[in-house]
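Chain by chain, the residues:
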Amino acid sequence: MTGLLPALLLAVCFTGCRTVVETSAGTAIRHPADGAVMVYVPAGAFTMGLSEGDAGTVAKDLGQDGAASLWAWEAYPKRVLQLDGYFIDKYEVTVTQWQAYAAATGAATPNQTERHFDTPAAPLIPAATISWKQAQEYAAWAGKVLPSEAQWEKAARGPDGRLYPWGNTAPTPDRGHFGSREKVPDLYALVGSYPGGASPYGALDMLGNQYEWTSEWLAPYPGNPLAYKMDDYTPDMNGCLRGGSWYHGWVGFYAAKRFGLPPDETHFHVGMRTAWLPPRDYFESAAFRRDRAAAKKRERQLARIRQSLAE
Ligand SMILES: [Ca+2]
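Residues numbered from 1 in each chain as written. Predicted model: local features only at pLDDT ≥ 70, side-chain atom pairs only at ≥ 80, totals over all residues.

A.B. asks: Tell me about the overall build of the protein chain, and please be specific about residues and values.
C.D. replies: For the protein chain, the count of helices and strands is 6 helices and 12 strands. Since a compact globule built from 311 residues should have a radius of gyration of about 19 Å, the 19 Å found for the protein chain is in line with a globular shape. Burial analysis of the protein chain (311 residues in total) assigns 45% to the buried set. Sequence separation of 24 or more characterises 71% of the internal contacts of the protein chain that already satisfy a separation of 6 or more. (Helix = DSSP H or I, 4+ residues; strand = E, 2+ residues; numbered from the N terminus. Rg over C-alpha atoms; globule rule 2.2 N^0.38 Å. Buried ≥ 20, exposed ≤ 12 C-beta atoms within 10 Å, placed from the backbone. Contact = placed C-beta atoms within 7 Å.)

Below, the structure written as C-alpha cells:
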C-alpha cells in the first residue's frame, strides 16, 4: 500500500503493528474551524524535562545565578515519552481568530483583544488577557484542544532533547521576542516575527511573546526528587502555561519551562495556541489536500499583511 501513497504520506508501524498513515514533520494545514495554520508533529518518542546538568546549562545561557533562579526543579526529571501524532498551531492565536470566535459564539472578548479588532495588524496581533477557561472554550469551539504539556514541549523542542526550539545554543535576539537580559520589551510582538526561532516542526514564538495555556494543572512530574519544593502551589491550584513571556523575560526562555496561574487569573502577556488530533484517514482524504492548499494560501496572505505593515 505504501507504494501507492503520495510522497508526503508515510506508513508507520506502531505497537501491535497497526499501520498508521501520517504525513511528514512540519507539514502545514489551515484548520477549517478557526483558520489557524497548524504544523504536524509526527508520532514517536521525545525527551521531556531537564536533568540537573541541563538546568545548569540553561541558567548559564540565560545569565541567571543558577537553576534555582529558573525554578528549574519543576522540569525534573528528564525522561522519554511516546506521543501519537498531532497538529499544533504554528502561531499564537490572534486577534482576528478571536474576533471570529466571538462573533460566532457571543463569547466574551478580552479588553486587550477588542482594542485591536479594527487594526490592519489584527491577523498578526496575539490575543491576550485570556483566562484558562476562556482558552479551553475557544479550543472546544474550534473542535480542538489545548495542548498537553508533553504535546506543547515536543512541538517546541522536537524528539532530540534540545534545550531550545532551534537547538542548544543560547537565545539571541533573532530567535524570539526576548528583549535583553537587562530590559524586557515594552509590548508583545506580532506573531511569527522571528522565523529564526522556529521549532523542528516550524512552530514560532514557542519561547517568548505570549505565555500559552496548556490543558493541565501544574503538578510535579513522576519521579521528581525535588517535588517537595512544589508542595505550596500544587496540585490543582494553578493551570500550567508554557514558553515564558516577553514580560517575564529571561527566566523563561527554555523549552522545558513551566509556569502556573490560578484558573481565573490572566494578564496582558498571557495567550494561547491549540492542538488538534486529526481523525483516522485524514491524511488520505480530500480534506487534507484542501487544508494543505489553504495553508499555503493563508501564509501568502499573512506575508502580504506583514509586508504592508513594514512599508
Ligand atoms: Ca509564546
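And the narrative resumes.
A.B. asks: Just give me the short version of the nonpolar core, but keep the residues and values in it.
C.D. replies: Counting 72 residues, the largest nonpolar core has M38, V39, F87, I88, A135, A155 and A203 as the members making the most contacts within it. Ranked by residue count, the leading element in this core is strand 4 (residues 37-41), at 5 residues. When near neighbours in sequence (up to four residues on either side) are disregarded, V39 contacts G26, T27, A28, F87, I88, K90, Y201, G202 and A203. (Core = buried A, V, L, I, M, F, W, Y, C linked by C-beta atoms within 7 Å.)

A.B. asks: So what's going on with the environment of L70? Which residues, and what values?
C.D. replies: Looking at the element boundaries, L70 is found in the loop between helix 1 (52-61) and strand 6 (79-83). L70 sits in the buried class, given 25 other C-beta atoms within 10 Å. Along the sequence, L70 and V95 sit 25 residues apart, while their C-alpha atoms lie 31 Å from each other. Not counting the four nearest positions on each side in its chain, L70 is found in contact with A55, V58, A59, Q64 and V251.

A.B. asks: Tell me what's going on with helix 1, and back it up with residues and numbers.
C.D. replies: Those residues of helix 1 that sit buried are D54, A55 and V58. For helix 1, the arc enclosing every buried residue in end-on projection is 100°, short of the 170-degree limit, so these residues lie on one face. Once helix 1 ends, the next one or two residues include G63, with phi positive near 75°. (Arc of directions from axis to C-beta.)

A.B. asks: Please provide a residue-by-residue account of the sheet that holds strand 7 (residues 86-89), values included.
C.D. replies: For sheets, the rule is that strands pair by backbone hydrogen bonds, running either parallel or antiparallel. The antiparallel open sheet is built from 4 strands, whose spatial order is 3-4-7-12. Looking along the sheet, the strands with just one partner apiece sit at the ends: strand 3 (28-30) and strand 12 (275-276). Relative to strand 4, strand 3 runs antiparallel, the two being bridged by 3 bridges. In the sheet register, R30 faces strand 4, and the bridge partner there is V37. Of the strands in this sheet, strand 4, strand 7 and strand 12 touch helix 5 (residues 149-157), which is tilted by about 75° from strand 7. Contacts from helix 6 (residues 286-310) reach strand 3 and strand 4 within the one sheet, and its direction differs from that of strand 3 by about 90°. (Pairing = 2+ DSSP bridges. Axes fitted to C-alpha atoms, helices over the stretch in contact; angles between N-to-C directions.)

In short, shape yes, function no, at least from these values alone.
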